[in-house]
Amino acid sequence: MEFKLKPKVGVYIDGANLFYQGKRSGFMIDYKKLYGWVAQESDIVVAKYFIGQPSWEPAKSLNEAFNKYIKKIGYSIITKPLKKLKTKDGVIKNKCNFDVEMHDEVIHYMDKLDIVYLVSGDSDFMRTKERILSKKKKIKFLAYKKGCSWEIRMSWHILLDDIREQIQRD
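1. Observations regarding the side chain of Lys48
Tracing the backbone shows Lys48 in strand 2 (residues 43-53). Look past the residues within four positions of Lys48 in its chain and what remains in contact with it is Val11, Tyr12, Ile13, Tyr75, Ser76, Ile78, Glu105 and Tyr109.

2. Remarks on the packing of aromatic side chains
Aromatic ring pairs are defined here through the distance separating the ring centres and the angle between the ring planes. For the coordinates displayed, the defined rule picks out 8 aromatic pairs. A centroid spacing of 5.1 Å and a plane angle of 80 degrees characterise the contact between Tyr31 and Tyr49, whose relative ring orientation is edge-to-face. Here the residue Tyr31 occupies a position in helix 2 (residues 31-39), and Tyr49 occupies one in strand 2, the gap between them amounting to 18 residues. No difference in accessibility class separates Tyr31 from Tyr49, as the two residues are buried. Directly above the aromatic system of Phe98 lies the positively charged group of Lys80, at a separation of 5.0 Å from the ring centroid. Directly above the ring of Trp56 sits Lys84, whose terminal nitrogen or CZ lies 3.8 Å from the centroid.

3. Looking at the pattern of salt bridges
Close approach of charged atoms allows side chains with opposite charge to pair. Summed over the entire model, instances satisfying the criterion amount to 3 salt bridges. With a shortest N-O distance of 3.3 Å, Lys33 and Asp170 are connected by a salt bridge. Residue Lys33 is located in helix 2, and its partner Asp170 is located in the segment after helix 7 (164-167); the two are separated by 137 residues in the primary sequence. With a shortest N-O distance of 2.9 Å, Glu101 and Lys80 are connected by a salt bridge.

How each quantity is defined
Residues numbered from 1 in each chain as written. Predicted model: local features only at pLDDT ≥ 70, side-chain atom pairs only at ≥ 80, totals over all residues. Heavy atoms only, no water. Helix = DSSP H or I, 4+ residues; strand = E, 2+ residues; numbered from the N terminus. Contact = heavy atoms within 4.5 Å. Phe/Tyr/Trp six-rings, centres within 6.5 Å; stacked < 30°, edge-to-face > 60°. Buried < 20%, exposed > 50% of the residue type's maximum accessible area, 1.4 Å probe, protein only. Lys NZ or Arg CZ within 6 Å of the ring centre and 35° of its normal. Salt bridge = Lys/Arg side-chain N within 4 Å of Asp/Glu carboxyl O.

Take a look at the structure:
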């Protein structure tokens, strides 16, 4: 009998990116199913979910309930306050960017990992990718087809649309 160790992985989820891309793509991710999908072939060492925290109700209470659910699954939650920005058209938009925090978290845990799963379609993570590869580690991007940058498409990636049946929220 041959005993094969599963690769040690870190899962880093850009919550805002996935929320808006999911709405555009017509399906949302069940994060428990996604966790299970990754865990089938891997030993999850760290799983982090990055999410903006609204300060107004009812969004604040909904966000807190979601965060409790995410923690029960096995993710650590990284939050910071949402900003309200006015566009040129006068429309108020909520904004929260976690690119730097996600990069820092990946680098912090890299020595404990074999593979990084970066769940975002954002091309801002190309520097993170280069840093991971320079340490002889692997990176897999997971992204919605409609929100996947061309830079990520040129990298090792899995389109969430291709595994939709396994990870879609019911």
